Amino acid sequence: MVPVKVDNEYFEMLNKAISMEIQATIQYMTQHSKTEMLKMRKKLEPLQIILGKNENTIISKILKEIAIQEMKHIEQIAERIFLLGGEATTKSLPPKIGNTFEDFLENNLKIEEETMEYYRKIIEEAAKRGDITTKKMFEDIYLQEEEHYWTFDEYTK
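Note on numbering: residues in each chain are counted from 1, in written sequence order. Under the rules for a predicted model, residues below a pLDDT of 70 receive no local features and side-chain atom pairs below 80 are neither given nor counted, while totals for whole chains, interfaces and linings still include all residues. Hydrogens and water are ignored here; the side-chain numbers use all heavy atoms of the structure.

Description of the overall build of the protein
Thought 1: Strands are runs of DSSP state E lasting at least 2 residues, helices are runs of H or I lasting at least 4, and numbering of each runs from the N terminus. Of regular secondary structure, the protein possesses 5 helices and 0 strands.
Thought 2: Along its sequence from the N terminus, the protein presents helices and strands in the succession α-α-α-α-α.
Thought 3: Summary of the burial criterion: residues with accessible area below 20% of their type's maximum are buried, those above 50% are exposed, and those between are partly exposed, where the area comes from a 1.4 Å probe applied to protein chains only. The buried share of the protein, reckoned over its 157 residues, is 39%.
Thought 4: Carbon together with sulfur atoms contributes 58% to the accessible area of the protein, which is approximately 9,500 Å² in total. For every accessible area listed, the method is Shrake-Rupley and the probe measures 1.4 Å; residues are considered covered only by the protein chains on display.

Some remarks on the packing of helix H3 (residues 55-83) against helix H4 (residues 101-129)
Thought 1: Where H3 contacts H4, the two axes come as close as 13 Å, and the packing angle between them is 25 degrees. Comparing their axes, H4 and H3 come out roughly parallel. For the pair H3 and H4, the sense of crossing is left-handed. Across from Glu-55, Asn-56, Ile-59, Leu-63, Ile-66, Glu-70 and Ile-77 in H3, the residues of H4 making contact are Phe-101, Asn-108, Glu-112 and Tyr-119.
Thought 2: Residues of the contact of H3 with H4, tallied by class, amount to 6 nonpolar, 2 polar and 3 charged. An axis is simply a line fitted to the C-alpha atoms; with a helix, the fit covers only the stretch in contact. Between two such axes, the angle follows the N-to-C directions and lies from 0 to 180 degrees. Just so you know how the angles are binned, under 35 degrees is roughly parallel, over 145 roughly antiparallel, 65 to 115 roughly perpendicular, and the rest oblique. Rotating anticlockwise by less than a right angle from the far helix to the near helix defines a left-handed crossing, while the corresponding clockwise rotation defines a right-handed one. Contacts were defined at the residue level, with two residues in contact if any of their heavy atoms lie within 4.5 Å. In this classification, the charged set is Asp, Glu, Lys and Arg, the nonpolar set is Ala, Val, Leu, Ile, Met, Phe, Trp, Tyr, Cys and Pro, and all remaining amino acids, among them Gly, are polar.

Observations regarding the layout of surface pockets
Thought 1: Each pocket or cavity is described by its volume, and for the largest pocket that value is around 250 Å³.
Thought 2: Taken together, the residues of the lining of the largest pocket sort by class into 2 nonpolar, 6 polar and 4 charged. With a 1 Å grid spanning the protein atoms alone, the term cavity applies to any set of points in which a 1.4 Å probe fits but cannot get out, the term pocket to an open set with protein on both sides within 12 Å along at least five of seven lines, and the term lining residue to any residue with an atom within 4 Å of a point. Grid points are joined across faces, edges and corners, and a volume is the space filled by probe spheres set on the points.

Comments concerning the nonpolar core
Thought 1: Joining through side-chain atoms within 4.5 Å is the link that ties buried Ala, Val, Leu, Ile, Met, Phe, Trp, Tyr and Cys residues into a set, and such a set is a nonpolar core. One finds Leu-14, Tyr-28, Ile-77, Tyr-119, Ile-122, Phe-138 and Phe-152 to be the most contacted residues of the largest nonpolar core, which totals 36 residues.
Thought 2: Counting residues per element, the ones that place at least two in this core are helix H1 (8-41), H3, H4 and helix H5 (132-154).
Thought 3: Ignoring any residue separated from it by four or fewer positions in sequence, one finds Leu-14 in contact with Ile-77, Ile-81, Leu-84, Ile-122, Thr-134 and Phe-138.

Section: the packing of aromatic side chains
Thought 1: The criterion for an aromatic pair is that two Phe, Tyr or Trp rings (for Trp, the six-membered ring) have centres within 6.5 Å, with stacked assigned to planes under 30 degrees apart, edge-to-face to planes over 60 apart and tilted to the rest. With the rule as written, the count across this model stands at 4 aromatic pairs.
Thought 2: The interplanar angle of 55 degrees and the centroid separation of 5.3 Å between the aromatic rings of Tyr-28 and Phe-152 together place this pair among those described as tilted. With Tyr-28 in helix H1 and Phe-152 in helix H5, the pair connects residues that are 124 residues apart, well separated along the chain.
Thought 3: Accessibility expressed as a relative area gives 2% for Phe-152, which makes it buried.
Thought 4: Seen from their ring centres, Phe-101 and Phe-104 are 6.3 Å apart, and the 80 degrees between their planes marks the pair as edge-to-face. Here Phe-101 pairs with Phe-104, and both are found in helix H4, just 3 residues apart, close to one helical turn.
Thought 5: Using a relative accessible area of 2% as the deciding quantity, one classes Phe-104 as buried.
Thought 6: As a reminder, the over-ring test applies to NZ of lysine and CZ of arginine, requiring each to be within 6 Å of the ring centre and within 35 degrees of the ring normal. Over the face of the ring belonging to Tyr-118 we find Lys-16, whose NZ or CZ atom lies 4.6 Å from the ring centre.

Some points on H5
Thought 1: The end-to-end C-alpha separation of H5 is 33 Å, in line with the 33 Å expected for 23 residues at 1.5 Å each.
Thought 2: Listed in full, the buried residues belonging to H5 are Thr-134, Met-137, Phe-138, Ile-141, Tyr-142, Glu-145, His-148, Tyr-149 and Phe-152. To estimate the expected span of a helix, subtract one from its residue number and multiply by 1.5 Å.

A closer look at empty space enclosed by the protein
Thought 1: This model, assessed by the stated rule, comprises 1 cavity of 30 Å³ or more.
Thought 2: Volume-wise, the largest cavity comes out at about 30 Å³.
Thought 3: Surrounding the largest cavity, Ile-59, Ile-62, Leu-63, Leu-105, Phe-152 and Tyr-155 form its lining.
Thought 4: Considering every element that reaches the lining of the largest cavity, the biggest residue donor is H3, with 3 residues.

Note that every value here comes from positions in space, so none of it alone points to a role or purpose.
Here it is in structure tokens:
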């Protein structure tokens, strides 16, 4: 088996991915909480009260589910860094929350787009280094990020 060429530059790339996932997790969980608060301010239709469903409830649930997936990505990437002989670290990236559903969706589309663009670079770099495991892991994560993008896009007006 040919060993994977691992250096600080490679670990920096992988750790930036962790930072991006943390940023997204905080962003989505904060939006989830804000969505719940917005729901309390909104006058609901009688049927919405009976069914317990409205736009806020649906979007809040989606945000929470995606945030949990992002947390799983953090764990996968951190484990991979450890297996390659590195240490998972992070530089804080500020979340972009917003105040309305439209802000949330616009910011979330941007963060997913930026993440997919960056993960394409990691996939390419992993392939160059012969790191098939990292390449495959990021291809799988990429597919989930793409699903997140299209989920948010579905709710844009």
